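# Architecture and fold: a report
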Amino acid sequence: MRFSPICAVAVAAAVAVTSAPASASPAAPRAANPVVTWDLNTQTAVYDVARQQPWVQSRSFAMVNGAVFDALNAIAGTPYQPYLGAPAASGRESTDAAVAAAAFGVLVSLFPEQEQRLREQYDQSLAAVPDGAAERGGVRVGSQAASRMIAARRDDGVGGGQTWVIGTEPGQWRPTPPTFASEGASGAHLKPFLVPWVSHPYTSGPPALASDEYARDVNEIQQVGSLASTVRTADQTEAAIWWHDRRIVEWYIKRQLAETGRLNPLQTARMFAMVDVIAADTGIACFAAKAQWSFWRPVTAIREAGTDGNPATQPDPEWTPLLVTPPFPDYPSGHSCATGARMSTLAAFFGRDTMTFSAYSADADATRTFTSFSQALTELVQARIWGGIHYRDASEDGATLGKAVARYGVARFARPRR
């Protein structure tokens, strides 16, 4: 793995998650965490209905959970540094109403065609809150936080008309089979949420075509990443498909950790906002690197290995990867970038790497379980190779980029004020 140095950033210890005191009497059932509820509502709006692509999904989640965090942080008396600011609050406002209003306001601005469906969810949330000043105050605080977020992201470059550069020379990216699509170039041009320099050289780029490292990467993926591979195990195949699920299993992991960790709404909002804002900026930085290097995908490199000038690679014109190759350049791996950021941020938030979590993927029809954040990231890095869509160098360097953005973000976002 090769990467350029970045400025060192100290990461302060995360707030410890503690369980409720033990009691001699049976514990009362816990009320549903409104932040978890509305994060699931966000997933439904973003993916199940709108079918947003990954480079836009991260922006939507960051907007929703950033606004929710600012609302709950204000009601709690701003114990953490706000993201965009703290609406005026007395502390007597309903947190349930604030979460619903903040999330609903942002989601309707993103998906006006879903307003009726979203309003039904919003009305259902408010129906569980007693009428009165607390409810009205929560709606006011949440709505103000949503308005600030909407204003901050206006004209941020989403949906821009940029296109990827299509090359014809060895090493240069070009659209890949079976769709031969070119999408997502605008993801490199979004305004960051937090990091002021997404074009920072986090990595030094893919290996030279004539290098031994390049030949190693190509030969490895040619064997293990092929649709017809005889060396990839059944577990590796499952992992490749599991991590490639477009519902993104990490959404579920984030919510599971909030529930198993018994986080209160403010703790949950802070964790979700940290993970989603940092992941969004990581995605922008990652796509900026893709645009810079514009490196060809394995399916192109293997089919055209006779043109790369490296005697240690051999062409296979019929080679096909296990997974369908995404419609943008290879280096670095976008999923490795995002997972590197998410797992690093979660480890910082909980103050430890070792935690047990799992998630189910409908695409793989399987549940996979991990006992640490680093274990999950290690498997993801491998899974992109097993799937035949990223070289090892692109996957490892993507994880490096994600960790670097996470170090910067954790040291600056939602820090305790006292």
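Report on the accompanying structure. (Residues numbered from 1 in each chain as written. Predicted model: local features only at pLDDT ≥ 70, side-chain atom pairs only at ≥ 80, totals over all residues. Heavy atoms only, no water.)

Of note, the bond from P177 into P178 is cis; its omega dihedral lies within 30 degrees of zero at 5 degrees. Positive phi values are uncommon outside glycine, yet F180 reaches one of about 50 degrees. Here F180 lies in the loop between α5 (133-152) and α6 (212-224). The exposed category is assigned to F180, whose relative accessible area is 52%. Even without being a glycine, R262 presents a positive backbone phi close to 50 degrees. Mapping R262 onto the fold places it in the loop between α8 (249-260) and α9 (265-293). (Helix = DSSP H or I, 4+ residues; strand = E, 2+ residues; numbered from the N terminus. Buried < 20%, exposed > 50% of the residue type's maximum accessible area, 1.4 Å probe, protein only.)

A rise of 1.5 Å per residue sets the reference length of α6, with its 13 residues, at 18 Å; its end C-alpha atoms lie 18 Å apart and thus fit the reference within 8%. Listed as buried for α6 are Y214, A215, D217, V218, I221, Q222 and V224. Tucked into the core, α6 has its buried residues touching α7 (234-244), α10 (298-303), α12 (373-386) and α13 (392-410). (Expected span 1.5 Å × (residues − 1). Contact = heavy atoms within 4.5 Å.)

Before going further, it helps to examine the pairing of strand β2 (residues 366-372). Here six bridges tie strand β1 (residues 354-361) to β2, and the two strands are oriented antiparallel to one another. The partner of Y360 across the bridge, within β2, is T367. A loop of four residues connects β1 with β2, the two strands running antiparallel in sequence, and D365 in this loop sits at a positive phi of about 50 degrees. (Pairing = 2+ DSSP bridges.)

Membership of the largest hydrophobic core comes to 113 residues, with the highest contact counts inside it found for W243, L257, M271, F350 and F373. In terms of nonpolar packing, the next biggest core, distinct from the first, is built from nine residues, V56, A185, F287 and A288 among them. (Core = buried A, V, L, I, M, F, W, Y, C linked by side-chain atoms within 4.5 Å.)

Let's shift gears to the pattern of salt bridges. One pass over the full model with this rule turns up 15 salt bridges. The residue E238 makes a salt bridge to R368 at a minimum N-O spacing of 2.5 Å. Residue E238 is found in helix α7, and its partner R368 is found in strand β2; the two are separated by 130 residues along the sequence. In this structure E238 comes out as partly exposed when scored by relative accessible area, which is 27%. Taking relative accessible area as the criterion, R368 reaches 7% and is therefore assigned buried. Across the pair E250 and R342 runs a salt bridge, and its minimum N-O distance is 3.7 Å. You can see E250 sitting in helix α8 and its partner R342 sitting in helix α11 (residues 334-350), a full 92 residues away along the chain. Across the pair, exposure class does not vary: E250 and R342 are buried alike. In the salt-bridge network here, residues are joined through shared partners; they are D39, K254, R255 and D276. (Salt bridge = Lys/Arg side-chain N within 4 Å of Asp/Glu carboxyl O.)

These results come straight from atomic positions and should not be treated as a statement about function.
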